[in-house]
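# Coordinate analysis (summary)
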Amino acid sequence: MVNVVLGGFYGDEGKGKIIDYLAADADITVRYSGGNNAGHTIIVDGVKFAFHLIPSGILNKGTKAVIGNGVVVDPKVLIEEMKVVEENGYSVENLCISNKAHLIMPYHIAMDRLLEELRGNGKIGTTVRGIGPTYCDKYERSGIRVGDLLSAKFEDKVRENVARKNDIFRLYGREEFDAEEIIKEYKGYAEILKPYIMDTVILLHNAISENKKIVCEGAQATLLDIDHGSYPFVTSSSPCVGGVCTGTGIGAKYLNEVYGVVKAYSSRVGEGPYITEQKNEIGDTIRELGHEYGTTTKRPRRCGWLDAVALRYAVMINGLTGIAINHLDTIGKLDKIKLCVAYNYKGDVNMDFSTDQEYIDECEPVYEEFDGNFGDISNVKSRKDLPENAKKYLDRIEELAGAPIKFIGTGAGRENMIVE
Ligand code: IMP
């Protein structure tokens with residue numbers, strides 16, 4: 001059984017909560033894309049863990065936590081996270097890192113920063129974790145993979161890459177890198193990571209043949225996908241369902257449930273089109289009620305209404321079998337709630353989502369209004385027991401999205417969730 005949890009919109013939808021729930025009895029949790037640009041917080045026995053790279057399953061004894069080949073790995077960050085896990089009395093023995101995952105090198109981070117500066121007003125608003133430049137090298141075929149850390153060719157690969165990157169840094173008057181220093185630093189990381197590096201494709205396929213339960217853990221989200229998102233304001237990987245296959249080596253026929261996570265409102269960090277954004281008091285209220293500040297960069301998130309047109313697109317692109325809606329309690333604190341049900345493109349009212357900036361700039365969101373004031377719903381355990389106002393809102397979302405709602409977040413805690 002292979003289930004997928006991925007973000008429906010622009011990330012930060014609270015995927016961690018659904019992943020945690022599914023990971024509780026999973027044999028394996030696996031990250032398939034992105035790197036430490038992601039962030040999720042898990043609270044276990046009162047201890048708060050903020051992971052950026054390590055899959056959630058690490059805290060469950062007996063669950064393997066796999067970093068798949070589609071991920072880009074900053075070994076320094078990974079080792080810091082491993083330390084935090086161990087310092088809190090947990091083990092990292094179940095960590096498995098794909099030998100084919102690409103390494104984020106110090107020059108990738110410097111390049112991310114340089115490129116953002118050069119873009120000026122057209123900046124993407126990246127997390128400056130070196131994600132884009134690492135994927136660039138991967139596709140340009142000069143990348144250094146985790147498995148290379150253990151190879152005799154590692155040193156030469158670093159020297160070659162550093163020489164080429166320094167040519168660029170020199171051109172822009174930036175500090176150059178010393179290959180020997182990087183080699184020394186990364187060899188230290190190799191010593192620590194060696195026991196966890198393996199061919200994770202074999203591991204995953206052995207598990208599939210034994211009918212084990214695997215949860216594929218998305219990072220970022222559908223509208224940040226390099227192909228299907230609002231390019232160029234996207235990340236450099238494939239958070240959509242296709243990324244599961246390429247980023248883990250699990251073929252499409254093995255996938256069972258694909259859950260898309262959204263919030264009962266929406267948010268976005270970084271630049272790019274966002275048709276339901278509320279750059280006003282409502283957006284500010286949502287931000288404060290939902291604590292919408294980045295886990296990774298602490299940036300205040302842009303906030304707005306839920307966009308059912310975009311949700312329908314996420315259902316379509318990912319073949320979602322179910323939707324998870326978080327923060328129903330948060331939106332229920334407002335008196336009135338708006339839901340975007342269509343786009344009005346110069347008088348043509350339709351549900352055709354587009355990532356084309358110029359098209360979206362010409363579109364007006366068409367809203368339906370719902371009554372809020374849901375009251376305290378944190379302990380409700382069944383959708384039918386929710387207040388009428390909440391039910392009406394959810395029913396309409398489901399009708400427009402074209403996929404069933406399977407999870408409803410009713411509060412901050414792990415236990416504040418309705419599972420249908
Ligand atoms: P990058 O992934 O750091 O290259 O950033 C590219 C875009 O994706 C920026 O707009 C980031 O803010 C956004 N982004 C990357 N990771 C996340 C995430 O985990 N949640 C939300 N937005 C993200």
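Residues numbered from 1 in each chain as written. Predicted model: local features only at pLDDT ≥ 70, side-chain atom pairs only at ≥ 80, totals over all residues. Heavy atoms only, no water.

## Considerations on the sheet that holds strand β9 (residues 197-198)
Taken in spatial order, the ten strands line up as β9-β7-β5-β2-β10-β1-β11-β15-β19-β20 in an open sheet, and their pairing is mixed. On the outer flanks of this sheet lie β9 and β20 (417-419), each paired with one strand and no other. Pairing of strand β1 (residues 2-7) with strand β11 (residues 255-263), which is carried by five bridges, proceeds in the parallel orientation. Within the sheet, the bridge partner assigned to Val5 lies in β11 and is Tyr259. (Pairing = 2+ DSSP bridges. Helix = DSSP H or I, 4+ residues; strand = E, 2+ residues; numbered from the N terminus.)

## As for the environment of Leu118
Of note, Leu118 is situated in helix α3 (residues 106-119). In this structure the C-alpha to C-alpha distance between Leu118 and Tyr172, which are 54 residues apart in sequence, comes to 9.8 Å.

## Brief notes about the packing of α3 against helix α5 (residues 154-171)
In contact at an axis separation of 11 Å, α3 and α5 are set at 25° when each is read in the N-to-C sense. When the axes of α3 and α5 are compared, the pair comes out roughly parallel. Crossing hand, α3 versus α5: left-handed. Residues Tyr107, Ala110, Met111 and Leu114 of α3 form the contact with α5, whose participating residues are Asn161, Val162, Lys165, Ile168 and Phe169. The residue makeup of the contact of α3 with α5, split by class, is seven nonpolar, one polar and one charged. (Axes fitted to C-alpha atoms, helices over the stretch in contact; angles between N-to-C directions. Parallel < 35°, antiparallel > 145°, perpendicular 65-115°, else oblique. Left-handed = near helix turned anticlockwise from the far one by under 90°. Contact = heavy atoms within 4.5 Å. Nonpolar A, V, L, I, M, F, W, Y, C, P; charged D, E, K, R; others polar.)

## Focus on the pairing of strand β15 (residues 322-326)
Two faces, one strand: in a regular strand the side chains alternate between the faces of the sheet. Counting buried residues in β15 gives five out of five residues, a clear majority hidden from the surface. Relative to β15, β11 runs parallel, the two being bridged by five bridges. The residue of β15 that forms the bridge with Val261 is Ala324. Where β15 and strand β19 (residues 405-409) come together, three bridges link them in parallel fashion. Each residue of the ladder has a partner; that of Ile323, found in β19, is Ile405. (Buried < 20%, exposed > 50% of the residue type's maximum accessible area, 1.4 Å probe, protein only.)

## Brief notes about the pairing of strand β4 (residues 47-51)
As judged from the five bridges shared by strand β3 (residues 40-44) and β4, these two strands associate in the antiparallel manner. Note on β4: the bridge partner recorded for His40 is Phe51. Hairpin remark: β3 followed by β4, antiparallel, with two residues in the connecting loop; positive phi at Asp45, about 50°.

## Some points on the nonpolar core
By size, the foremost hydrophobic cluster in this structure holds 68 residues, and its most contacted members are Ile214, Leu328, Ile331 and Tyr393. Residues contacting Leu328, with those up to four places away along its chain left out, are Ala264, Phe374, Ile377, Leu386, Ala390, Tyr393, Leu394, Ile408 and Gly409. Counting 42 residues, the second largest nonpolar core, distinct from the first, contains Leu59, Val73, Val158 and Tyr186. (Core = buried A, V, L, I, M, F, W, Y, C linked by side-chain atoms within 4.5 Å.)

## Some details on the packing of α3 against helix α4 (residues 131-140)
Where α3 meets α4, the axes come as close as 7 Å, and the angle between the chain directions of the two elements is 115°. On the basis of the axis angle, α3 is roughly perpendicular to α4. You can see that α3 and α4 cross each other, and the crossing is right-handed. Contacts between α3 and α4 pair Tyr107, His108, Met111, Asp112 and Leu115 from the former with Ile131, Pro133, Thr134 and Asp137 from the latter.

## Some words on the site of the ligand
Taken together, 15 residues surround the ligand, and among them Asp12, Asn37, Thr127, Thr235 and Arg299 come closest. Contact distances for the ligand include 3.3 Å between an oxygen atom and a backbone N or O atom of Gly125. Between an oxygen atom of the ligand and a side-chain N or O atom of Thr235, the distance comes to 2.6 Å. For the shell around the ligand, the residue count by class is six nonpolar, seven polar and two charged. (Near = heavy atom within 4 Å. Polar contact = N/O pair within 3.5 Å; in protein donor to acceptor, adjacent residues only side chain to side chain.)

## With respect to unusual backbone geometry
In this structure, the amide linkage connecting Tyr231 to the following residue, Pro232, adopts the cis form with an omega of 5°. Of note in this structure, Lys346 is not a glycine but carries a positive phi near 50°. Mapped onto the elements, Lys346 comes out in the loop between β16 (336-345) and β17 (348-350). One non-glycine residue, Asn373, lies in the positive phi region at around 50°. Positionally, Asn373 belongs in the loop between β18 (363-371) and α13 (388-401).

## Quick word on the state of the cysteines
Here is the idea: a disulfide is a covalent bond, and it sits between the sulfur atoms of two cysteines. A full pass over the atoms with the stated rule returns zero disulfides. Looking at Cys216, it has no disulfide partner, and the nearest cysteine sulfur is the one in Cys245, 8.6 Å off. Among the cysteines around Cys340, which has no disulfide bond, Cys363 carries the closest sulfur, lying 9.3 Å off. (Disulfide = S-S within 2.5 Å.)

## A word on the pattern of salt bridges
All told, the structure shown has 28 salt bridges when counted by the stated rule. Linking Glu180 and Arg159 is a salt bridge whose minimum nitrogen-to-oxygen distance equals 2.8 Å. In this pair, Glu180 sits in helix α6 (residues 179-193) while Arg159 sits in helix α5, placing the two residues 21 residues apart along the sequence. With relative accessibility at 43%, the residue Glu180 sits in the partly exposed group. Two residues, Glu399 and Arg396, come together in a salt bridge whose shortest N-O distance is 3.1 Å. With Glu399 and Arg396 both in helix α13 and three residues apart, this pair spans about one turn of that helix. A single salt-bridge network, built from bridges that share partners, covers Glu155, Asp156, Arg159, Glu180 and Lys187. (Salt bridge = Lys/Arg side-chain N within 4 Å of Asp/Glu carboxyl O.)

## Observations concerning the packing of aromatic side chains
Tallied over the entire structure, the rule returns eleven aromatic pairs. Taking the centre distance of 5.7 Å and the plane angle of 85° together, the rings of Phe49 and Tyr90 count as edge-to-face. Of this pair, Phe49 sits in strand β4 while Tyr90 sits in the loop between α2 (75-87) and β7 (95-98), placing them 41 residues apart in sequence. Judged by relative accessible area, Phe49 falls into the buried class, the value being 1%. (Phe/Tyr/Trp six-rings, centres within 6.5 Å; stacked < 30°, edge-to-face > 60°.)

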